[in-house]
Amino acid sequence: MTSDSLWIFGTSRSGKTTRLVSYFDAWLQVNNQVSGLFDNKNINNSQPQFINPNLNLHQKELGILLLAANDDNRRELADRVTTLTLGKYPIRVKTALGFFQDEVILFWPLLIDSLSIKAQFPVRLRPETEQELATKLWSSQLNSEVLRRVGMNENRLVRRILDLWQLAAYSGVSCEDITQILQSGLEDSSINLEPEFLGFLLLNWRNWCLEKGLLTYALITELYHQKLLPDCSYQQHLKHRYQGIIADDVDDYPAIAANLFAFLLDAGAVGAFSYNPHGAVRWGLGADPEYLYQLSGRCQVETLTSPPVNSLGYSLTEQMVELVTQPMTMLSLPSCVKPIQTNSRAQLLRQTAEIIIAGVQSGEVAADEVVIIAPGLDAIARYTLVEILTKQNIEVESLNEQRPLISSSVVRALLTLMALVYPGLGRLVDRDAVAEMLVVLSQYQTQNGEEKGFHHSKIDPVRAGLIADACFVPHPDTPNLLPVKTFERWDRIGYIATQAYEDILQWIEKQREEYHQRLLLTPIFLLYKAIQEFLCKDKNPSYQELAALRELLETAQHYWEVDTRLKQTNALLLSLHTPETLTITITEFIQLLRRGTISANPYPIRPIGSSRKAVTLATIFQYRASRKHHRWHFWLDIGSPLWAKGGAATLFGAPLFLRDRLGQPWTAADEQLAEEQRLQKIVADLLARVSDKLYLCHSDLAINGQEQIGPLLPLVHSCEVV
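Residues numbered from 1 in each chain as written. Predicted model: local features only at pLDDT ≥ 70, side-chain atom pairs only at ≥ 80, totals over all residues. Heavy atoms only, no water.

Asker: A description of the overall build of the chain should follow, citing residues and the corresponding values.
Answerer: Within the chain one finds 26 helices and 20 strands. Here the contacts in the chain between residues at least 6 apart in sequence split such that 79% fall between residues at least 24 apart. Working note: accessible area of the chain is about 33,100 Å², and carbon and sulfur atoms make up 51% of it. (Helix = DSSP H or I, 4+ residues; strand = E, 2+ residues; numbered from the N terminus. Contact = heavy atoms within 4.5 Å. Areas by Shrake-Rupley, 256 points an atom, 1.4 Å probe, with all protein chains shown as cover.)

Below, the structure is given as structure tokens:
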């Protein structure tokens, strides 16, 4: 038993991360000891007394592994640790999956020897690229008859099958054993496909990825746990590099993270782990909190009992959980919990927005102290709330909004431009797309006057439509734009719009010439040039536009990197950059974006500088994962049954891969119990993140017209009537 390690047990906002950082600070103090031993006389009584004398903390090498539950928390933890150390140490904070990925790539030569595969540098696959390639590989097996029997479209079925491998890798189950797990757990044949067939598809996909040197998240996870971690040579490196572990919110970690921690603890490392009993945000998405909790038996357990500062959770959690679990309980909630009840959802959205407007305009609350939380935010609700609030000069910020990249007009314009430059893409462009491209590419930014910084277009939508009608010539191979004088009444276009159109036309012609002269290297290079010429030359793009442009460039670079690797490893495609293969690749790239599977969410996803003074709009899952807190909470659609789901759909087969019940069937009783437990965690977690007022927003009818009678409805009935 490792008595030096600590297990910090505490609810939301109880100070777990702060305590972890204080332990890290104590560990750093040994850096100034010549002998490497910690002088207990210099330790304040409030500091932990479990310093490992073997910690190797040199100026250029910090032997502590720092992990966070997700990428947002990782950046926040890195900022706090960097501030603490004044930038003296090269701090690297990772998520568990990010650490596995770095290790697999770093020790790839070791894996090449153990797997006996071709020596080539690995290329990581994004989930959307993984799904596209797997769909092509399985196209003959997943025919129309199979899809009809399953009752879902091809994309959804492929994603579900790939997720099974990811869940198995997270739990430490090898790809070969997935069939056995499914055979023992899927008694009702939920997917209407034989487990042997699913196992065959996944093994085929895994072997194909290894042959091509492509790394998916599932393959990275499996290689790390099944091949790298058991390797003696790697174990020696791991023990030498890390003598300390700090892991925050381990209730959201996959099961194999516990195996990594156990190995380091066995090797003499000192650990500090935080665990939230009201957490487990990623349960059903790969997290295994019960398996991670077993590590607490190897540590000194410290329970943080202090209630969160300025939180309603301390006084309300017990009452509200009792109302949810025992609906017949006669309890009355205090005045800080207020109901908003309407008949229709449209009325509910308007009343919610009006209460926020009144609070902000009266100075009772600031915009950035308000959050609207919903189990699921449909486009109508999002648009309605944003429209009403912004008309009153109250900004709204959607938390980690996963909007499709193709929804950005600048992205659509660049794709149209690409279809006009490269031959063979005429079927991907039409009159409306050309008109939109002309408007977007002719935008400029005013430099003086009352509307300084406002974006205008030299070609307005009406003129763009006239030009597209008269000058656009559709063609399957070579769509073309004619000079503006082709339009009989071209003088009505105006000088400014005519000049802007001619500039776009000349630029396209120049790129075509460079393509035929083989001076235009790749489509990525074309995108860079177009962004520089049209989108950043006469204006400063907004943060949202920059995010979309960055994600477009990152996606394009990744797509062509994968495409090049596939052509290099395919004997039938020895000529890498023939016009025919390039046309096919660009077509598939544009179609991939148009399917809406890629979102504008580049790294980093947060703007630099102070946060916006805006009302936050978030789903339950997004808000809990971000670990934020606000003065005012608005729980939208409180009567929705989706509150029991946590705002995120559980992956198919996820309970089968939990370590404490591996391969056991998941019954309806199990599902009901899991939903009850999750609902209690959600209520307790969210209450810990609100300090002043909680508004329960309920409409009798949902957006589809059905009556809302979800599990949280008793809370509304227990509020004081205002």
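Asker: Outline the packing of helix 17 (residues 409-421) against helix 18 (residues 431-441), supporting the account with residue identities and numerical values.
Answerer: Where helix 17 meets helix 18, the axes come as close as 9 Å, and the angle between the chain directions of the two elements is 115 degrees. The element helix 17 and its partner helix 18 pack so that their crossing is left-handed. For the pair formed by helix 17 and helix 18, the contact residues are Ser 409, Val 410, Arg 412, Ala 413, Thr 416, Leu 417 and Leu 420 on the first element and Ala 433, Val 434, Glu 436, Met 437, Val 440 and Leu 441 on the second. Across the contact of helix 17 with helix 18, the residue classes tally to nine nonpolar, two polar and two charged. (Axes fitted to C-alpha atoms, helices over the stretch in contact; angles between N-to-C directions. Left-handed = near helix turned anticlockwise from the far one by under 90°. Nonpolar A, V, L, I, M, F, W, Y, C, P; charged D, E, K, R; others polar.)

Asker: Before we move on, can you summarise the confidence of the model for the chain with the specific residues and values?
Answerer: Model confidence for the chain is summarised by a mean pLDDT of 85, while 89% of its residues fall at 70 or above. Here residues 34-51 is modelled with pLDDT under 50, and outside its nearest four sequence neighbours on either side it reaches 26 contacts, counting other chains as well. Within the model, the stretch residues 53-60 combines pLDDT values under 50 with 24 contacts to residues more than four positions away or in other chains. (pLDDT = per-residue confidence, 0-100.)

Asker: Break down the environment of Asp 266 for me, with residues and values.
Answerer: Looking at the element boundaries, Asp 266 is found in helix 12 (residues 255-266). Judged by relative accessible area, which is 57%, Asp 266 ranks as exposed. Residues Asp 266 and Lys 239, 27 residues apart in the sequence, show an inter-C-alpha distance of 9.8 Å. Within polar-contact distance, the side chain of Asp 266 engages the side chain of Arg 298 at 2.4 Å. (Buried < 20%, exposed > 50% of the residue type's maximum accessible area, 1.4 Å probe, protein only. Polar contact = N/O pair within 3.5 Å; in protein donor to acceptor, adjacent residues only side chain to side chain.)

Asker: Describe the pattern of salt bridges, listing the residues and the values that go with them.
Answerer: Any two side chains of opposite charge can pair, on the condition that their charged atoms come close. The full count for this structure, using the stated rule, is 40 salt bridges. Ionic pairing is found between Asp 249 and Arg 627, a salt bridge with its closest N-O pair at 3.5 Å. Residue Asp 249 is found in the loop between strand 8 (244-247) and helix 12, and its partner Arg 627 is found in the loop between helix 24 (620-626) and strand 19 (630-635); the two are separated by 378 residues along the sequence. For the pair shown, Asp 249 and Arg 627 are each scored as buried. Asp 685 is the partner of Arg 624 in a salt bridge, and the nearest nitrogen-oxygen pair spans 2.7 Å. (Salt bridge = Lys/Arg side-chain N within 4 Å of Asp/Glu carboxyl O.)

Asker: Now, about the packing of aromatic side chains: what can you tell me, with residues and values included?
Answerer: Counted under the stated rule, the structure contains 26 aromatic pairs. Taking the centre distance of 5.8 Å and the plane angle of 55 degrees together, the rings of Trp 632 and Tyr 695 count as tilted. With Trp 632 in strand 19 and Tyr 695 in strand 20 (residues 690-699), this pair connects stretches of sequence that are 63 residues apart. What makes Tyr 695 buried here is its relative accessible area of 6%. Linked through ring pairs, Trp 7, Phe 9, Tyr 253, Phe 261, Phe 273, Tyr 275 and Tyr 293 together constitute an aromatic cluster. Sitting above the plane of the Tyr 291 ring, Arg 659 keeps its charged end 5.7 Å from the centroid. (Phe/Tyr/Trp six-rings, centres within 6.5 Å; stacked < 30°, edge-to-face > 60°. Lys NZ or Arg CZ within 6 Å of the ring centre and 35° of its normal.)

Asker: So what's going on with unusual backbone geometry? Which residues, and what values?
Answerer: In this model, Asp 249 sits at a positive phi of 55 degrees, which is unusual for a non-glycine residue. Residue Asp 637 is not a glycine yet carries a positive backbone phi of 50 degrees. Inspection of the secondary structure assignment puts Asp 637 in the loop between strand 19 and helix 25 (668-687).

Asker: How would you summarise the sheet that holds strand 19 if you had to cite specific residues and measurements?
Answerer: Spatial ordering of the open sheet is given by 11-20-19-12-18-13, a layout of six strands whose pairing is parallel. On the outer flanks of this sheet lie strand 11 (337-342) and strand 13 (395-398), each paired with one strand and no other. Adjacent strand axes in the sheet meet at a mean angle of 20 degrees when their direction is disregarded. Sheet topology places strand 12 (residues 370-374) next to strand 18 (residues 614-619); four bridges connect them, and they run parallel. Across the sheet, the residue bridging to Ile 372 is Leu 617, located in strand 18. Along the sheet face, helix 15 (residues 345-361) touches strand 11, strand 12, strand 18, strand 19 and strand 20 and points at about 140 degrees away from the line of strand 11. (Pairing = 2+ DSSP bridges.)

Asker: How would you summarise the pairing of strand 20 if you had to cite specific residues and measurements?
Answerer: Extensive coverage of strand 20 is indicated by the burial of nine of its 10 residues. The sheet contact formed by strand 11 and strand 20 spans six bridges and is parallel. Paired with Pro 339 across the two strands is Leu 696, which belongs to strand 20. Bridging between strand 19 and strand 20 involves five bridges; their strand directions are parallel. Bridged to Phe 634 within strand 20 is Tyr 695.

Asker: Go over the sheet that holds strand 5 (residues 93-95), please, and point to the residues and values.
Answerer: Taken in spatial order, the six strands of this open sheet run 5-4-8-9-1-10, and their pairing is parallel. Looking at strand neighbours, the two that pair on one side only are strand 5 and strand 10 (300-303), the edges of this open sheet. Strand-to-strand twist in this sheet, taken as the mean axis angle between neighbours without regard to direction, amounts to 20 degrees. Two strands pair when backbone bridges link them, and strand 4 (residues 64-68) and strand 5 are joined in this way by three bridges, in the parallel orientation. Directly across from Leu 66, in strand 5, lies its bridge partner Val 93. With respect to the sheet, helix 1 (residues 16-28) is in contact with strand 1 (6-9), strand 4, strand 8, strand 9 (270-275) and strand 10, its orientation differing from that of strand 9 by roughly 170 degrees.

Asker: Residues and numbers for the environment of Gln 235, please.
Answerer: Mapped onto the elements, Gln 235 comes out in helix 11 (residues 232-241). Its relative accessible area of 19% is what places Gln 235 among the buried residues. For the pair Gln 235 and Ala 267, spaced 32 residues apart in the sequence, the C-alpha separation amounts to 9.4 Å. A polar atom in the side chain of Gln 235 sits 3.0 Å from the backbone oxygen of Leu 229.

Asker: Outline the packing of helix 17 against helix 21 (residues 523-535), supporting the account with residue identities and numerical values.
Answerer: Closest axis-to-axis distance for the helix 17/helix 21 pair is 10 Å, and the angle between their directions is 120 degrees. When the axes of helix 17 and helix 21 are compared, the pair comes out oblique. Crossing angle aside, the handedness with which helix 17 passes helix 21 is right-handed. Counting all contacts with helix 17, which are made through Val 410, Leu 414, Leu 417, Met 418 and Val 421, the residues of helix 21 involved are Pro 523, Leu 526, Leu 527, Ala 530, Ile 531, Phe 534 and Leu 535. Residue composition of the contact of helix 17 with helix 21, by class: 12 nonpolar, no polar and no charged. (Parallel < 35°, antiparallel > 145°, perpendicular 65-115°, else oblique.)

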